[in-house]
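Given next are the chains, with one letter for each unit.
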2 protein chains.
Amino acid sequence: MHDTPVTAAADLSDDELRALDAHWRAANYLSVGQIYLMSNPLLAEPLRPEHVKPRLLGHWGTSPGLNLVHTHLNRVVKARGRKALCVWGPGHGGPAVLANSWLEGSYSETYPDVGRDAEGMARLFRQFSFPGGVPSHVAPETPGSIHEGGELGYSLSHAYGAALDNPDLLVACVIGDGEAETGPLAASWHGNKFLDPVHDGAVLPILHLNGYKIANPSVLARLPEQELDELLRGYGHEPIHVTGEIPATVHLTMARAMDTALDRITLIQRTAREENVTERPRWPVIVLRTPKGWTGPAEVDGLPVEGTWRSHQVPLTAVRENPRQLRLLERWLRSYSPQELFDERGRPTAEVLACVPDGDLRLGSTPHANGGLLLCDLPVPALERHAVPVDKPGMTLHEPTRVLGGLLEEVMEATTDRRDFRLVGPDETASNRLQAVYGASGKAWQAEILDVDDHLDRHGRVMEILSEHTCQGWLEGYLLTGRHGLFSCYEAFVHIVDSMVNQHIKWLRTTRALPWRRPIASLNYLLTSHVWRQDHNGFSHQDPGFVDHVLNKSPEVVRVYLPPDTNTLLSVADHVLRSRDYVNVVVAGKQPCFDWLGLEAARAHCARGAGIWEWAGTEDGAHEPDVVLACAGDVPTQEVLAAASLLRRHLPQLAVRVVNVVDLARLLPGEEHPHGMPDPEYDALFTRDKPVVFAYHGYPWLIHRLAYRRAGHPHLHVRGYKEIGTTTTPFDMVVRNDLDRYRLVMDVIDRVPGLAVRAAPVRQLMEDTRLRHHAWIREHGTDLPEVTDWTWTD
Amino acid sequence: MHDTPVTAAADLSDDELRALDAHWRAANYLSVGQIYLMSNPLLAEPLRPEHVKPRLLGHWGTSPGLNLVHTHLNRVVKARGRKALCVWGPGHGGPAVLANSWLEGSYSETYPDVGRDAEGMARLFRQFSFPGGVPSHVAPETPGSIHEGGELGYSLSHAYGAALDNPDLLVACVIGDGEAETGPLAASWHGNKFLDPVHDGAVLPILHLNGYKIANPSVLARLPEQELDELLRGYGHEPIHVTGEIPATVHLTMARAMDTALDRITLIQRTAREENVTERPRWPVIVLRTPKGWTGPAEVDGLPVEGTWRSHQVPLTAVRENPRQLRLLERWLRSYSPQELFDERGRPTAEVLACVPDGDLRLGSTPHANGGLLLCDLPVPALERHAVPVDKPGMTLHEPTRVLGGLLEEVMEATTDRRDFRLVGPDETASNRLQAVYGASGKAWQAEILDVDDHLDRHGRVMEILSEHTCQGWLEGYLLTGRHGLFSCYEAFVHIVDSMVNQHIKWLRTTRALPWRRPIASLNYLLTSHVWRQDHNGFSHQDPGFVDHVLNKSPEVVRVYLPPDTNTLLSVADHVLRSRDYVNVVVAGKQPCFDWLGLEAARAHCARGAGIWEWAGTEDGAHEPDVVLACAGDVPTQEVLAAASLLRRHLPQLAVRVVNVVDLARLLPGEEHPHGMPDPEYDALFTRDKPVVFAYHGYPWLIHRLAYRRAGHPHLHVRGYKEIGTTTTPFDMVVRNDLDRYRLVMDVIDRVPGLAVRAAPVRQLMEDTRLRHHAWIREHGTDLPEVTDWTWTD
C-alpha cells in the first residue's frame, strides 16, 4: 500500500493535524480497551491477566478505519456547521462507533451510568460483548445509529433512504469492502439516479478498502485502481482516492478529500437549487485504502497480522494465558500514549475534543438517527371519500388496490409540502393498480427523461427500481429517520427481502427496551399480485410464505392482515399507516373482488380482527351451528361464501356459520401475541367441538400452528395453497389446491356427523361439477360460466 | 436509438444475411403466434376472432431481442462447431425460446406430439400459457434451459456456474436491463474474478437494453453510453456495443460483435492454456440496444407501443372484440411474410434453417442443459476413516464440521481430475471449520495474489465470495449442468437466498414430471455457526427459520437433517452427497460437541431418522415411560441428555425415554411427506398419551405444525428458540430461551401427573440453579462451572 501523495499544500495547521491524530488515537485506544479490558482502563498500573476479559470477543480489523472516518467527519461537520448522519456499514466495528460516541459525550448523555471519566471508561470497556452488556456490533443501543451491523449489504440504501426529503442533511456512508461484494450493496449504488438534489440531502459514500474479509482478500481491494475508478464512474460517481498507512499523510489527504467532497456537494446542490440545472450530477465518492487492523500488532507468533485478514477479529487471542501476548497487548495499548489523551480522571483532553462538534451536530446526537423525535402524524384522509357503497354483499366488484390508490393519492397530496411520505416498489405501482398516486406525485427519476415516459418526475416521491432489496433499504432508512411509507410488492417476490425484514424486526424489538429511542412509523407491506391470481406468470410467481416467515418473529412487532374486500382494505390501510413500531403485512388482491362489507361494517370487522358474518350463514342464533366455514384472504372468502350459498341451496337444514379472519394473529393465544384471542372468545367464534372448515390464503399448516392450543383444534380442517401452481385460470388454481367451493362443500359433508348418507347426492353433484370444470377448461381455456357469473345473491 | 455504424466491411454475404433475417422473422412470427393464436397458425385463411385465444397472456416486449440473439448464436455455433449453452435471463421471453427450439427441431424431438409442421405449430401456439399447457416463461419444460424465467436476478451467476469446469463450453447469458437492476445480478458481474480460463469455459454476457421494464425505463438504458461503458469496464469486461433498429444493419453489427467476442475468448483461453499467462483477462461483453417490442405494432389507439414500455406484455389486448385490432394483428403477423418462411405443410424452409447447427450443438439439445445426462456418481469415501471413536457416549468432544472437512477433503481430492465437485460459501469455509479441504484444493481466485494470502489458487474449486446470492447461483448452475456441490453458510444468513431456493425447489418439483429431464445432484446446504453459538455476534446472527421456510415447499423435494454429533453428521453428509433431485438442509454446529454415537450406531440412527436412545433413558422396556424427552439439534440434544442425567440422579424412580430426531420430516404423517412416519411408528416412539417434552433447535411451533395430527399431540410441549438473543455465553442463550437442562427438568415435573408434590424440592433446586446462573454470569461473564464441566457420565 502506498500513500496517496498530498498533491497540493495541505490546509491543516500543525495544531489541527495533531488534534485530529489525538482524537483518532483516543478512539483507537478505546476500541482496543473494549475488546480486551475488564478493569485498569487507563493503564494506571502494569497490565495483569485479571484486567483482561475471560472471553475475548469483537472485531478490531475495521475499527481504526472507522475511527479515522469519524474523526474527519467531526472536523468537517464542526468547521461547516453541517448537519450530518453517518451509516456505518462495517457494523462489526461496534467498538469504534461506541468509542467515538463516548468521546464526544453523546454516549454518557444517553446512558448516564457510563460517564465520560475513568469509571465510565471502565464500564464502557466491561459492558462490550459481555453478557448483559452491549452487542459487539453497531446496534439499536448505539447512539447515532440507524443501521444494525451484522448482516451486510444494506448500508448504502439506508443512507439514501435517510437523505430523501432531508435537503440540509449530509449522510455519510462507510461501505466495507466485504459488504461491497453483496448483491444488495452492488445494486444500491444506483440510488444516485433517484436522489433529487433539490429536495433531498446528499449521500457521501466512503468505500473503505482495508483489503480483507474474514479469511480472504476482498474483490474490490484487488482491482487495479484504474479499474475500480471506472467501476465507480460507471456507477455515476466522481471518485476521490485516499490511500496510505502513515497516519500523518493519511490525515492530510483525508482532510483534503473530505473538503473536496463537501465543496462538490455544496456546488451540486446550489446548481440544482438556485440555477435549476436538472442534469444528473456526478456525486463524489471517497475510496479509502488503509490497512486492516491498522496500528495493531504487526506480527504475532511470527505471522503478519496488521494489514492482513488475521486482524479481522481479536489479533491476540491468548492474552490471559500467555505472558508474551499480555506484554504485546500492553505495548499496543500504550502505543497510543493514553496519558496524553486522557487526564488523570479519565476525561478526554481538550486537544482530543478539539475536532468534536457541539450538541445535535455530534454524530451520536443527531435527532435524525432517532427518527421518532422528528416524526409527525400522517394525514390519513377520511375513508368515506374512498369507500365503495355496498347495498347488499357480493353484488358489486371492485379492485381493492385500485381504490386504495385513491386513498394513497390523498396522503401523497396532503404531504406535498411536508414531504414525509413515500411509496416504494419494484416497478410495480401501476401493475399493482395503485397508479392514482401519480395524480399527486410522479416517480423519482434523475436520469434521462423521454416523451414516451410515464409520470417520471425529478421531484417525485414514488420510488421504483427493480430491486426489492433497494426498495426495502430505502424505506427502512426513510422510516428510521422519522418519516412514513409503504412498500407494495408482488407477494411471491417479497421473500427476496426475508433477511432484511428479519433485521428490521430485530431492530424494532430491541428499541422497545430503549426508552430514549422514540417510536417510528411502522414498516408497511402491501403484498398483492398474489398466489391465486398469477394468470400470466404461473408457478414461479406463487408463494404465500412471507406471512409464515414474519410470524416466526417477535410478536410485539409483527402484524398480518388479510382484508377480504375493498372497504376492509381501506380500514386496514388506515390503521397501519397510523401505527408505530410495527411491521405490518397486508395481503390484498388487485383483481376485481366482491364487495362484502360497507365502510362501517368493515371498520367494525377490522377492529375485531375476526368475526361471524351472520348474513352469510344459516344458523338460528339460539344454538351452536352444525359447522363453521372460516376464511382468511380475498379468494378464500369468495370460495367460502360460494360454498355457503351452495349449502343453503342444497342442504337448507344445515346450520352453517361463516367466520372471516382479517387479523391473523387473533388466532394465537393471548399469551403468544398481543392480538391473540382469549380461549372463550375463540370458542365463541369457532365452537369447541363443531367441525371447522377453514379456507386460508396461504400454506394451510400455518393455521394449525396458530390454533393448535385451542380446544376445537382436533376439529379444524384447513384448505390452502399446497404448492401446486401453473399458468392457468383463477378458478382452476383453487380447484388444483382443493380450495374451491365444491371441494369445501364436500369437506363439510365429510365432516358433519351424520351427513354422509343424507347428503350423498349433493356430494356427488359437487364431484361432478369439478369433473365438468376439468373438461371445460381443457377445451375452452376459460372457467365454467357458472363460476365466472356467480354472485352471492344468485 | 441510432444504429451502430458498421465500421468495417461486414463479413456476411447477402445470402447469409437473408438467411439470418429469415430465421429471425420466423422466430418472431412464432412468438406472436403463441401469444395470440388458437388455430389458423399459417394464416391460410383471413384471421377471424375465433382463431384468437380467449385469454391473451405472454410477454412480447423482450421476444424479438431474444430471437435476434438466438439466431446469431446459431450462426457462430454452427460456423465454429463450438459447444454452447445459453441462459435466458429475460425469462418472460418464453415465446422466443420456444419458437427457436421448435424451429431447430429440438422441441419436436423432446415432445413428439408437437411436430415441426402445421399441426405441431398449431399445438405449439395453443399450449402456450393455456390451462394444462406450458408456462409463459422459460421453464423446466423448455428444452435447452437451466434457468427459470420469472423471478429475476440469477442469470449471470447461473451462467458462471454452468461454465465452471467445462473448459470447452461457451455459456452465453442474456441479461435483461430490468434484471440488471437487481442486487443478485449486480453482484454476479464479479464472477469473472473467479473464472479460471484454463479449466473453466467462457461466459459471454449479452446485456440486452430494450429500454423498459414493466412501466418504467430501465436505469442502465438511460445511462450515457460512455458511463455504461465505464461500468462494464469497471466490472472487468471489454464491452462491444450493438445498437440499432434497422434489422439489416443490426444483423451485420451483431454478427461482427459475436465474431469479435468469440475470437477474443479463443485468444484468452489459448493464452492461458498454452502460454500459461495468469493475468486476469478482460472477457468480452456485448451490449445490445434494440427497441422493446421491436417489429410489433408501432402505435395502438394513437399511443406509441413499439420501442416503449407498452410493449411489455400483449400490445393488442382486445383482438377478439375489436375488429380494428384484429386487422392490426393480422397485418403484424403477415409483416414477417410467413409464406416465405414455412412451406405449405408448415415446415421451416431451408433458408430459415440455414443457420441452425446440428445435433447436440443446437441450443435446445445441448446435454449440458439436462445435467443428469452427464452426471457421474460422486466418490464419497468410506466414513470409517473419518469417524470419531466413541467408547462411551458424552465423554469426548469434537467439532462436527471440522471432522466433516476431512471427509470433504477426500471428496475434493478424489475429484481432482474429474473436476465435478465444488464447495461454495460466503467467505466462511474456514470460519465454519471446513478448512481441511484446502489440503485438496485452494480457493478460486483470478485477481491479484499476495504472499500473505491463504490458499488462494487460480485453479481452486472452493468458491468464496461475500454474496450468498452469488454462491447459490453458482452452485445451482453447476448442479443443473450435471455436477456436485455443497453450500456452507451461517444459518441466519441463508435467509438471504430464501427466494432463490424457492425457485430451485419449484424447478426440481417440475422436472419430476418430465421424464426426459434426468435427475441431478441435490442442492446441499450445511448450515452452521447456528443460532445457539453466536457468542461473537448476537441477535443479528440468530435465526433458525430457514428450516420452516423450506418445509413449506414441495415435500417430494425437501429434506431437513439435524445431526446431533460428529458421526451422525458424517452419516448424513454421506447420504446427501449421494442423493439426487433434493434440496437437503443440514444444520450442524462447528463448536465442540459431545460424541454420542459411534459410527455404526450413527448410521443406524440416521437411517431410521428418529429413534429411542435407550442408554440415555431410565425406562424398563416392559412398560411405557412416564415421560418422553425428545430432541432435535446438537445443542438441544446436549440439554436433553443433561436433563435426563439430572432426572436420573434426583428422581431415579421416574421412567424417562429419550428420543432423538435427525430427519425432521419423520415427524410428518406419511401422506404429507415421503419420509413421514405412519402413526403406529410415531406412537411407538412418542407414546399416545404420555407427556413429551421436546427440545428443538429452532422455532418451537414448527414441531407442532409437523405433529399436530398425531394422537399424542395434546401432550406435546416444545421448547426452542423464541427470538430472544444477544451477545452472550452459550449456556445463557439456552437459559434465556427456556431450553436449558434445568428448565427441561422443571417442564417434566410440571407435566408428569402426580409429580408436582413429590418432586417439589427438585423443582426448587432447578429454579435455584437458574438463579445462581444469572448471578454468576453477571459477575464473571462466563457460564457456571458445573455447566461447562458437565459430561454425560458424571
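Because the structure is a prediction, the values reported are computed rather than measured. (Residues numbered from 1 in each chain as written. Chains lettered and ligands numbered in written order. Predicted model: local features only at pLDDT ≥ 70, side-chain atom pairs only at ≥ 80, totals over all residues.)

Remarks on the overall build of chain A
Secondary structure assignment for chain A yields 26 helices and 22 strands. Its C-alpha atoms give chain A a radius of gyration of 30 Å, within 12% of the compact-globule value 28 Å for 794 residues. The 794 residues of chain A split such that 64% are buried. The contacts in chain A between residues at least 6 apart in sequence include a share of 77% that link residues at least 24 apart. (Helix = DSSP H or I, 4+ residues; strand = E, 2+ residues; numbered from the N terminus. Rg over C-alpha atoms; globule rule 2.2 N^0.38 Å. Buried ≥ 20, exposed ≤ 12 C-beta atoms within 10 Å, placed from the backbone. Contact = placed C-beta atoms within 7 Å.)

Digging into the nonpolar core
Formed by 502 residues in total, the largest nonpolar core has its most connected members in Val171 and Leu629 of chain A together with Val171 and Leu629 of chain B. Residues in contact with leucine 629 of chain A, not counting those within four places in the same chain, are Val640, Ala643, Ala644, Val656, Arg657, Val658, Val693 and Leu744 of chain A. (Core = buried A, V, L, I, M, F, W, Y, C linked by C-beta atoms within 7 Å.)

Comments concerning the interface of chain A and chain B
Facing 96 residues of chain A, the contacting portion of chain B comprises 97 residues. Of all the secondary-structure elements, those providing two or more residues to the side of chain A that touches chain B are helix H7 (183-188), helix H8 (225-234), helix H15 (498-511), helix H16 (546-551), helix H21 (701-707) and helix H25 (760-780) of chain A. A total of seven residues in the side of chain A that touches chain B trace back to one element, the largest contributor, which is H8 of chain A. Of the residues in the side of chain A that touches chain B, the class split is 31 nonpolar, 37 polar and 28 charged. (Nonpolar A, V, L, I, M, F, W, Y, C, P; charged D, E, K, R; others polar.)

Observations regarding the relation of the copies chain A and chain B
Turning chain A through 180 degrees and shifting it by 0.0 Å along the axis lays it on chain B, with an RMSD of 0.0 Å. One copy is carried onto the other by what is essentially a two-fold rotation axis. Nearest to the rotation axis, the C-alpha of glycine 183 of chain A is located 1.9 Å from it, this being the minimum over chain A. (Least-squares fit on C-alpha atoms with pLDDT ≥ 70 in both.)

What to know about the sheet that holds strand S22 (residues 716-719) of chain A
Residue and element names in this part refer to chain A. An order of S18-S20-S19-S21-S22 is seen for the five strands of this open sheet, with the pairing classed as mixed. Strands with a single pairing partner mark the edges of an open sheet, and in this sheet they are strand S18 (610-612) and S22. Across the sheet, the mean angle from the axis of one strand to that of its neighbour is 20 degrees, orientation sign disregarded. With three bridges joining them, S18 and strand S20 (residues 656-661) adopt antiparallel strand pairing. Bridging from a neighbouring strand, isoleucine 612 pairs with valine 659 of S20. Helix H19 (residues 634-650) contacts strand S19 (627-632), S20 and strand S21 (692-696) of the sheet and is inclined by roughly 155 degrees relative to S19. (Pairing = 2+ DSSP bridges. Axes fitted to C-alpha atoms, helices over the stretch in contact; angles between N-to-C directions.)

Describing the sheet that holds strand S3 (residues 202-209) of chain A
All names here are of chain A. With parallel pairing, five strands are arranged side by side in an open sheet as S1-S2-S3-S5-S4. Two strands lie at the open edges of the sheet, namely strand S1 (84-88) and strand S4 (237-243), each paired on one side alone. Strand-to-strand twist of the sheet, defined as the mean angle between neighbouring strand axes without regard to direction, takes the value 20 degrees. Pairing geometry for S4 and strand S5 (residues 283-289), over seven bridges, is parallel.

A word on the environment of methionine 766 of chain B
Its location among the elements puts methionine 766 of chain B in helix H25 (residues 760-780). Sequence-distant contacts of methionine 766 of chain B, that is, excluding residues within four places in its chain, are made with Tyr742, Val745 and Met746 of chain B.

Comments concerning the domain arrangement of chain A
How big an interface is tends to be stated in terms of the accessible area lost upon association of its parts. Residues and elements named next belong to chain A. Once the domains are mapped, chain A shows domain 1 (14-357), domain 2 (383-593) and domain 3 (609-788). Its C-alpha centre places domain 1 at a distance of 35 Å from the equivalent point of domain 2. Facing 31 residues of domain 1, the contacting portion of domain 2 comprises 32 residues. Breaking the side of domain 1 that touches domain 2 down by element, the ones donating at least two residues are helix H6 (155-163) and H7. When residues in the side of domain 1 that touches domain 2 are grouped by element, the largest group, six residues, is from H6. Of the residues assigned to the side of domain 1 that touches domain 2, the class counts are 13 nonpolar, 11 polar and seven charged. (Domains from an automatic or database assignment.)

Considerations on the pairing of strand S2 (residues 170-176) of chain B
All names here are of chain B. Among the seven residues of S2, seven are classified as buried, and the element is accordingly described as predominantly covered. Pairing of strand S1 (residues 84-88) with S2, which is carried by five bridges, proceeds in the parallel orientation. Each bridged residue has a counterpart across the sheet, and for leucine 85 the counterpart in S2 is valine 171. Examined bridge by bridge, S2 and strand S3 (residues 202-209) share seven bridges and lie parallel to one another. Counterpart to isoleucine 175 in the pairing with S3 is leucine 207. Handedness of the β-α-β unit built from S2, helix H7 (residues 183-188) and S3 comes out right-handed. (Right-handed = clockwise from strand over helix to strand, strands pointing away.)

Digging into helix H10 (residues 323-334) of chain B
Residues and elements named next belong to chain B. For H10, built from 12 residues, the straight-helix expectation of 16 Å at 1.5 Å per residue is met to within 8% by its first-to-last C-alpha distance of 16 Å. Turning to H10, its buried residues number three or more, namely Leu326, Leu329, Trp332 and Leu333. Seen end-on, H10 carries its buried residues on one side only, within an arc spanning 125 degrees. Those residues of H10 that are exposed and aimed more than 90 degrees away from the buried face are Pro323, Arg324 and Arg331. Check the buried side of H10 and you find it contacts helix H1 (14-36) and helix H11 (338-341). (Expected span 1.5 Å × (residues − 1). Arc of directions from axis to C-beta.)

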